[in-house]
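# Close look at the chain arrangement
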Amino acid sequence: MKSISEAYKDHPINLHNIIPIDFKKVHELPESHTWPSLDQDSISDTSHDQVIPIIDLEDPNVMKLIGHACQTWGAFQITNHGIPISFLDEVESQSRKLFTLPSKQKLKALRTPDSVGGYGRPRMQPFFPKFLWQEGFTMVDKSATIDQTSKIWPHGDHTPFCRAMEEYQKKLKDLANRLLGVMLDSLKITNDDLRLTLLGSSSSLEDLKSEAPHTALQLNSYPACPNPNRAMGLASHTDTSLFTVLYQSRSRGLQIRANGIGWVTVPPVPGALVVNIGDLLHILTNGRFPSAVHRAIVNQSHHRLSIGYFYGPPCNSKIAPVRKLVDSNHPIRYRDLTWREYIGIKAKHFDKSLSFAAVNPQIDTNDQS
Ligand SMILES: C=C1C[C@]23C[C@H]1CC[C@H]2[C@@]12CCC[C@@](C)(C(=O)O1)[C@H]2[C@@H]3C(=O)O
Ligand SMILES: O=C(O)CCC(=O)C(=O)O
Ligand SMILES: [Fe+2]
């Protein structure tokens, strides 16, 4: 299979859930985009000093720190990761160039109902009765991205955008491979332990890292909003990846839901990247690394961008709880499945998906609620 775009083909989305509104023309929050007030969301953010860990990747203790963050929060920020802030600025500015174009231009790269790549509303939109205050551009397949962006910017003007996105994905792939290694080391998981799971046709983790990871790059745009208290950027969700590396630039908006605490804002740290655990690593670790429930809220004063890199194994390789993590105190919670199968489950059941992958759905019902 070429890429995850194939896996999404079987789960088409209705056009009205794809075409974003023209945010520039909207000066009042439309009823169609009005959510219950955020104030009624019992849990606020600023009253807590809780902040997800900020980890220096060069710290000699990095394995312990990351292992601990993954078990307790399912998310952390990293600094000293080797990607220069000047390059992050460049990627952000190329993304901004796309979203500030007139709606008519962006619609030239509109996703089709059965494709995952291109411009449009977030994939999760059909699960909500109200529209999200968000537009996105998704890249899964290089040639499709070139095709779409050259429709937006003819005469070769798409080149700087594509070059920056390509380069970014290369750098992120190396970084994500490195992070996966550290995460697995922290649980003492070896190549042999992975033989029955994850590796698929690859014979070693190194093999898997060099050719196979399947990834997606998602640019999120949240225009300034006339009534941010009643709007939602991306509603509460977990990602369908092993983990996601997110650049939220310099503006706040990302919140993580912490057990017993509530929504915690992830403060932007210049040059840092946020890592959050996705459902596939949750399954692979038998719930030891819980996938992070998170959302993005919007603001009235500026146009916020974020850039997510979704990192996963090849679509057809098996995901199953690593047997080493299963014992009488930690009985097996999830059955074996492929990413492709899980995409199907997620397309149908969204936030209930983990319980549909559970060995015992009666017990495993509250993963995300
Ligand atoms: C590889 C992925 C992961 C996707 C689908 C596809 C490309 C776009 C990703 C997102 C990005 C926005 C949140 C989310 C929930 C959504 O709606 O689209 C993500 C989804 C997932 O994590 O399931
Ligand atoms: O914009 C953000 O901070 C969150 C984005 C996100 O959760 C996603 O792209 O999956
Ligand atoms: Fe997300």
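Residues numbered from 1 in each chain as written. Chains lettered and ligands numbered in written order. Predicted model: local features only at pLDDT ≥ 70, side-chain atom pairs only at ≥ 80, totals over all residues. Heavy atoms only, no water.

## Quick word on the nonpolar core
Grouped together as the largest cluster of nonpolar side chains are 74 residues, with contacts concentrated most on I66, Y168, M183 and F243. When residues of this core are assigned to their parent elements, the largest contribution, 12 residues, is made by helix α6 (residues 159-186). When near neighbours in sequence (up to four residues on either side) are disregarded, F243 contacts A176, L179, L180, M183, V275, N276, I277, G278, L281, Y309, F310 and Y311. One finds L38, W133, A235 and I297 within the second-largest nonpolar core, a separate group that totals 18 residues. (Core = buried A, V, L, I, M, F, W, Y, C linked by side-chain atoms within 4.5 Å. Buried < 20%, exposed > 50% of the residue type's maximum accessible area, 1.4 Å probe, protein only. Helix = DSSP H or I, 4+ residues; strand = E, 2+ residues; numbered from the N terminus. Contact = heavy atoms within 4.5 Å.)

## Let's talk about the environment of I277
Looking at the element boundaries, I277 is found in strand β10 (residues 273-277). Distance from I277 to V245, taken between C-alpha atoms, is 9.1 Å for residues 32 residues apart in sequence. If sequence neighbours within four positions are ignored, I277 has contacts with C70, G74, M183, L242, F243, H282, F289, P290, S291 and A292.

## Notes on the pattern of salt bridges
This model, assessed by the stated rule, comprises 16 salt bridges. Note that R250 and D89 form a salt bridge whose closest N and O atoms lie 3.0 Å from each other. Taken as a pair, R250 in the loop between β7 (243-247) and β8 (254-258) and D89 in helix α3 (residues 85-99) lie far apart in primary sequence, 161 residues in all. Looking at D89, the relative accessible area reads 29%, which means it is partly exposed. Here the salt bridges share partners, and the residues they tie into one network are K318, R323 and D336. (Salt bridge = Lys/Arg side-chain N within 4 Å of Asp/Glu carboxyl O.)

## Some details on the sheet that holds strand β9 (residues 262-265)
Judged by pairing direction, the sheet is antiparallel, and its 4 strands sit side by side in the order β6-β11-β8-β9 without closing on themselves. Each of the sheet's edge strands pairs with one partner strand only, and the pair in question is β6 (234-237) and β9. Strand-to-strand twist in this sheet, taken as the mean axis angle between neighbours without regard to direction, amounts to 20 degrees. Looking at chain direction, β8 and strand β11 (residues 294-296) are connected through 3 bridges and run antiparallel. Paired with L254 across the two strands is A296, which belongs to β11. (Pairing = 2+ DSSP bridges. Axes fitted to C-alpha atoms, helices over the stretch in contact; angles between N-to-C directions.)

## Details of the coordination of the iron ion (ligand 3)
Donor atoms from the polypeptide that bind the iron ion (ligand 3) are H237 (NE2), D239 (OD) and H294 (NE2), placed at 2.1 to 2.2 Å. Along the chain, the residues donating to the iron ion (ligand 3) fall in the pattern H-x1-D-x54-H. Taking the relative accessible area as the measure of exposure, D239 reaches 5% and is therefore buried. (Donors = N, O, S within 2.8 Å, 3.2 Å for Na, K, Ca; no water.)

## What to know about the sheet that holds strand β1 (residues 54-56)
What the 8 strands build is an open sheet, ordered β1-β2-β10-β7-β12-β5-β4-β3; its pairing is mixed. Because the sheet does not close on itself, it has two edges, and the strands there are β1 and β3 (118-120). The mean inter-strand angle of the sheet, taken between neighbouring strand axes irrespective of direction, is 25 degrees. Both strand β4 (residues 135-139) and strand β5 (residues 214-222) contribute to a ladder of 5 bridges, which runs antiparallel. Across the sheet, residue E135 finds its bridge partner in β5, namely S221. Docked against the sheet, α3 engages β3, β4, β5, β7, β10 and β12 (304-312), running at close to 110 degrees with respect to β12. Where α6 meets the sheet, its contacts fall on β2 (75-79), β4, β5, β7, β10 and β12, and the angle it forms with β12 comes to roughly 55 degrees.

## Things to note about the site of ligand 1
In the vicinity of ligand 1 lie 14 residues, with Y8, R123, M124, D239 and T240 positioned nearest. Within the backbone of R123, an N or O atom sits 3.1 Å from an oxygen atom of ligand 1. Contact distances for ligand 1 include 2.9 Å between an oxygen atom and a backbone N or O atom of M124. Considered on its own, ligand 1 offers 450 Å² of accessible surface; in the complex 95% of this is hidden by protein. Of all the secondary-structure elements, those providing two or more residues to the shell around ligand 1 are α1 (4-9), β5 and β6. A breakdown of the residues in the shell around ligand 1 according to their chemical character gives 8 nonpolar, 4 polar and 2 charged. (Near = heavy atom within 4 Å. Polar contact = N/O pair within 3.5 Å; in protein donor to acceptor, adjacent residues only side chain to side chain. Areas by Shrake-Rupley, 256 points an atom, 1.4 Å probe, with all protein chains shown as cover. Nonpolar A, V, L, I, M, F, W, Y, C, P; charged D, E, K, R; others polar.)

## Concerning the packing of aromatic side chains
One pass over the structure, following the stated rule, counts 8 aromatic pairs. These aromatic residues form a ring-pair network of at least three members: W35, F127, F128 and F350. Cation over ring: K97 sits above W153, and NZ or CZ is 5.3 Å from the ring centre. Against the face of F87 rests K171, its NZ or CZ located 5.3 Å from the ring centre. (Phe/Tyr/Trp six-rings, centres within 6.5 Å; stacked < 30°, edge-to-face > 60°. Lys NZ or Arg CZ within 6 Å of the ring centre and 35° of its normal.)

Coordinates in, geometry out; function isn't part of it.
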